[in-house]
Amino acid sequence: MSLRQSLIAALLVTSGAQATDLRQLPSFLKQVSSNVWPALKDISVAIYHDPEVGLDEHLAHDRVVRHFHGLDDWTTKPSAYGMSTAFEMSFEHIPKGYRGPVKTIGFLAEYDALVGVGHACGHNHIVLNGMTAAILTSQALKHFDIPGRVKLMGCPDEENAAGKYTLNQRGAFNSSDIWLMAHPTSKSAVQPMNARLNIFGKFLGKTHKEAVGKAYQAMATVRNLGKLPGTASSVAAIQNVGVYATNVVQSFISLGVSGMSLPDVNGTVSAILDKTYPGVSYKIFQDEDGVALNITGPGGHGSEASKGPLTLSIEVFRAASSRSGVEFYLPGNTTATELDVTVDLRSRYTADLPALAKFVTDSIAHLSDNLSHDVKYPALEVVPYVPETFISILGSDDYGLRDWNITDFAPASSDASWMENPVLDPQTHHLNSVDRVVLHANYNICGKGANDPCAFNHEPKFALVAGTEYSYTQTEIVARGQAHMAVELLADASKWKKATAIIQRS
């Protein structure tokens with residue numbers, strides 16, 4: 001080699017311009033996964049069997065931290081950013097003699113469960129995907145001698161109080177321009193997630209029955225609002241009694257009716273309950289205050305606006321309240337003179353939420369003694385380049401997942417939207433910029449067999465789906481695919497530039 005060639009080679013190494021041959025990357029990732037996967041799957045299975053709700057995920061936190069603490073080249077930060085169940089894991093590889101730029105890629109982990117239905121949203125798989133993809137990426141950086149940093153961010157309480165909102169406020173995501181995650185569901189797609197806001201109403205009465213009547217009148221109003229402002233908007237009520245969560249259709253509701261006979265109440269319910277209430281049933285009995293109804297159903301996701309037990313109780317209220325002398329009560333809870341209701345608002349675009357919130361608030365304000373709301377979940381948007389790249393990798397023979405597509409349908413919401421912070425054209429809704437690139441890949445974990453369980457997130461049956469061997473097999477493949485893309489992005493400056501071209505921070 002001439003002196004001139006030696007100097008050029010040295011410049012390529014120190015500047016980061018040297019190309020990396022990644023043709024063996026898929027086979028390498030598969031080999032490494034076969035070694036690391038069993039221990040990581042065991043952690044996920046343990047999290048599945050010990051479901052912990054948001055901000056109480058101490059067992060999950062400790063299991064992940066303990067595992068990464070035992071790995072070479074990883075640094076662990078438990079209880080990160082002032083959140084007791086958050087964690088931050090960091091890895092870095094810098095080739096010998098390299099003095100060029102070092103990019104960081106991040107992976108997101110969630111591990112909170114749902115009240116009453118355990119891991120019926122499959123967050124045991126989100127943490128598994130994050131752990132696996134992060135470790136595979138780190139091993140590939142060392143093997144192929146690629147400069148790069150890897151972050152794994154443990155994000156508590158996605159379901160209720162938006163842990164990523166707090167983490168984002170405290171700078172947890174500033175270390176990387178690109179963050180990757182994968183969420184199990186019943187259909188594989190890269191798609192937006194809708195904007196969301198919760199309105200909290202307090203309904204007071206001089207008597208228990210007056211409070212119940214006002215609350216149910218408000219919920220009946222919410223169910224009959226007609227055309228809602230915004231694009232693909234939905235509104236669903238949650239009665240804050242018993243087992244409930246802000247984004248879960250309740251699976252049990254109890255309502256009492258006084259001033260009607262048991263046969264009359266039974267006839268009213270029977271006339272309403274039809275096939276549009278899938279899986280909903282009721283028991284009726286006389287108690288000391290009147291006729292009591294215990295209504296059960298399969299539950300579901302708040303964004304689906306499913307006709308569940310609460311909906312049936314509202315329609316019973318609507319039908320029976322027109323009768324003179326009829327009042328309503330909560331069986332076994334007749335001393336309470338306040339009934340609280342949460343109204344779950346969703347719309348495709350963040351800009352639609354203020355008008356939707358005002359529309360709903362104006363409709364029920366006269367009934368409520370106090371209305372407040374939580375922080376606004378922005379919509380999560382689909383960024384350019386990264387989704388197509390990811391789907392292309394998964395569709396290759398090395399991964400064999402060819403059931404993916406990109407859609408504009410928003411099936412639910414995600415607190416990852418705060419870290420993305422998308423800016424859209426107000427007229428065309430074209431995505432102009434983001435603070436960070438976020439890939440929120442929704443992937444199918446429902447088995448292909450006729451007898452395999454399948455359901456949508458937040459339905460109790462989805463907890464069964466999230467514990468199947470097929471679901472774990474799918475997660476392993478998706479995690480390898482995300483690691484593959486992460487390595488390519490870190491190894492190729494031109495690909496990183498394409499992936500981050502949409503970023504423009506204010």
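*Asks:* Is there a simple way to think about unusual backbone geometry in this case?
*Replies:* Leaving glycine aside, a negative phi is the common case for residues, and trans is the common case for peptide bonds. Unlike most non-glycine residues, D145 shows phi in positive territory, near 55 degrees. With respect to the helices and strands, the residue D145 is situated in the loop between α4 (123-143) and β4 (148-155). The partly exposed category is assigned to D145, whose relative accessible area is 42%. Even without being glycine, D157 reaches a positive phi, approximately 50 degrees. Its relative accessible area of 4% is what places D157 among the buried residues.

*Asks:* I tried to follow the sheet that holds strand β11 (residues 281-287) on my own but got confused; where do I start?
*Replies:* Paired through backbone hydrogen bonds, the strands of a sheet run either parallel or antiparallel to each other. Across the sheet, which stays open at both edges, the four strands sit in the order β11-β12-β10-β14 with antiparallel pairing between neighbours. The open sheet terminates on both sides in strands that have one partner only, identified here as β11 and β14 (327-329). Between one strand axis and the next, the sheet turns through 25 degrees on average, direction left out of account. Sheet topology note: the β11/strand β12 (residues 290-296) ladder contains seven bridges and is antiparallel. Across the sheet, residue I284 finds its bridge partner in β12, namely L293. Each of β10 (252-258) and β14 touches helix α6 (residues 208-223); the most contacted strand, β14, lies at about 95 degrees to it.

*Asks:* Which parts of the structure should I look at to understand the nonpolar core?
*Replies:* Side chains of nonpolar character tend, in soluble globular proteins, to be buried together. Formed by 76 residues in total, the largest nonpolar core has its most connected members in I105, F107, M131, L152 and W404. With eleven residues, the top contributor of residues to this core is helix α13 (residues 469-491). With 46 residues, the next largest nonpolar core counts V291, L312, V360 and I364 among its residues.

*Asks:* Quick question: what am I supposed to make of the side chain of H440 here?
*Replies:* Along the polypeptide, H440 turns up in strand β19 (residues 437-444). Using a relative accessible area of 3% as the deciding quantity, one classes H440 as buried. Here N442 takes part through its side chain, which lies 3.1 Å from a polar atom of the side chain of H440. If near-sequence neighbours (up to four positions away) are discounted, H440 is found in contact with M181, H183, M193, L380 and S414.

The rules behind the values
Residues numbered from 1 in each chain as written. Predicted model: local features only at pLDDT ≥ 70, side-chain atom pairs only at ≥ 80, totals over all residues. Heavy atoms only, no water. Helix = DSSP H or I, 4+ residues; strand = E, 2+ residues; numbered from the N terminus. Buried < 20%, exposed > 50% of the residue type's maximum accessible area, 1.4 Å probe, protein only. Pairing = 2+ DSSP bridges. Axes fitted to C-alpha atoms, helices over the stretch in contact; angles between N-to-C directions. Contact = heavy atoms within 4.5 Å. Core = buried A, V, L, I, M, F, W, Y, C linked by side-chain atoms within 4.5 Å. Polar contact = N/O pair within 3.5 Å; in protein donor to acceptor, adjacent residues only side chain to side chain.

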